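Remarks on the overall topology
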Amino acid sequence: MPYLLNQAAEETSIAFSQIYRDRYGMLRTEWRVLFHLGHYGAMTASDIARMSKMHKTKISRAVSALEDKRFIAKEESPQDRRRDTLRLRPAGQRAFDDLVGIAAQHNAQLLARFSPGERLILLDCLQRLSGMEKADQTDEIL
């Protein structure tokens, strides 16, 4: 099952990854960092690593690349000077808004091959396997 889940993840992300690569020169890890900051607001790299289940070194490289693109800014955390709080800059917010719209269209195309009931079951199963709560993602995906 992990193999099938990995294959499904790769297959469903190929077309979308080409879009953020072509439009913004981003790698997958950069998109994931940008997504977390755009969706959840300012947070630390450790927060992103925990939520995305990516290694901190990958997050660090993605943060540096996004800083170079002027998509994100670092601010010293008032609670812990060893940690920086990351936030989107206006260019990063524009890229996020653009890509979220494209992602919604991409998701709709992926889910079009399933009935409404199958979509709900698929979403429920993926959320349970990933350990994510339902939150408001059902509306975003369907």
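Our structure is the block above this text.
Let us look at the structure shown here. (Residues numbered from 1 in each chain as written. Predicted model: local features only at pLDDT ≥ 70, side-chain atom pairs only at ≥ 80, totals over all residues. Heavy atoms only, no water.)

1. Some details on helix α5 (residues 90-111)
What counts is decided by this rule: To qualify as a helix, a DSSP run of H or I must reach at least 4 residues; to qualify as a strand, a run of E must reach at least 2; elements of each kind are numbered from the N terminus. Expected span, for any helix, means 1.5 Å times one less than how many residues it has. Burial classification: accessible surface area is computed with a 1.4 Å probe over protein chains only, and a residue below 20% of its type maximum counts as buried, one above 50% as exposed, and the rest as partly exposed. The directions considered for the arc are those from the helix axis to the C-beta atoms.
Over its 22 residues, α5 runs 31 Å from end to end, which matches the ideal 32 Å to within 8%, given 1.5 Å per residue. Along α5, the residues classified as buried are Gly-92, Ala-95, Phe-96, Leu-99, Ile-102, Ala-103, His-106, Leu-110 and Leu-111. With its buried residues spanning 165° around the axis, α5 presents them on a single face. Facing away from the buried side of α5, by more than 90 degrees, are the exposed residues Pro-90, Arg-94 and Gln-105.

2. Topic: unusual backbone geometry
The backbone of Lys-53 shows a phi angle near 60°, a positive value even though the residue is not glycine. Structurally, Lys-53 is set in the loop between α3 (45-52) and α4 (56-68). For Arg-70, which is not glycine, the phi torsion reads 65° and is therefore positive. Within the element layout of this structure, Arg-70 appears in the loop between α4 and β2 (72-76).

3. Considerations on the packing of aromatic side chains
To keep it simple, the criterion reads: Pairs were defined over the aromatic rings of Phe, Tyr and Trp, the Trp ring being its six-membered one, requiring ring centres within 6.5 Å. Orientation was assigned from the angle between planes: stacked under 30 degrees, edge-to-face over 60, tilted for the rest.
What the rule picks out here adds up to seven aromatic pairs. Ring plane angle 20° and centroid distance 6.0 Å describe the contact between Tyr-20 and Trp-31, whose orientation is recorded as stacked. Taken together, the positions of Tyr-20 in helix α1 (residues 2-24) and Trp-31 in helix α2 (residues 28-40) put the pair 11 residues apart, joining distant regions of the chain. Taken as a pair, Tyr-20 and Trp-31 share a single burial class, namely buried.

4. What about the nonpolar core?
Selection rule: Residues enter a nonpolar core if they are buried and are Ala, Val, Leu, Ile, Met, Phe, Trp, Tyr or Cys, with the set joined through side-chain atoms within 4.5 Å. We call two residues in contact whenever any of their non-hydrogen atoms come within 4.5 Å of each other.
Val-33, Leu-34, Leu-37, Ile-72 and Leu-99 are the most contacted members of the largest nonpolar core, which has 24 residues in total. Of all the elements in the fold, those that place two or more residues in this core are α1, α2, α3, α4, β3 (84-88) and α5. The residues touching Leu-37, leaving out its near neighbours within four places in the chain, are Ala-42, Met-43, Ile-48, Ile-72, Leu-86, Arg-87 and Leu-88.

5. Notes on the packing of α2 against α3
Heads up, the rule is: Each axis is a line fitted through C-alpha atoms, and for a helix only the stretch in contact is used; angles between axes span 0 to 180 degrees, taken between their N-to-C directions. Each angle is binned into one of four classes, with values under 35 degrees roughly parallel, values over 145 roughly antiparallel, values of 65 to 115 roughly perpendicular, and all other values oblique. Here the term charged refers only to Asp, Glu, Lys and Arg, the term nonpolar to Ala, Val, Leu, Ile, Met, Phe, Trp, Tyr, Cys and Pro, and the term polar to all other amino acids, Gly among them.
Running from amino to carboxyl end, α2 crosses α3 at an angle of 100°, the nearest separation of the two axes being 10 Å. The angle between α2 and α3 places the two elements in the roughly perpendicular class. Judged by residue contacts, Arg-32, Val-33, His-36, Leu-37 and Tyr-40 of α2 engage Ile-48, Met-51 and Ser-52 from α3. Residue composition of the contact of α2 with α3, by class: five nonpolar, two polar and one charged.

6. What about the sheet that holds strand β1 (residues 43-44)?
The following threshold applies: In short, DSSP must find at least two bridges between two strands for them to pair.
Reading across from one edge, β1-β3-β2 is the order of the three strands in this open sheet, with antiparallel pairing throughout. Here the strands that pair on one side only, and so sit at the sheet edges, are β1 and β2. Along the sheet face, α2 touches β1, β2 and β3 and points at about 85° away from the line of β3. Docked against the sheet, α4 engages β2 and β3, running at close to 115° with respect to β2.

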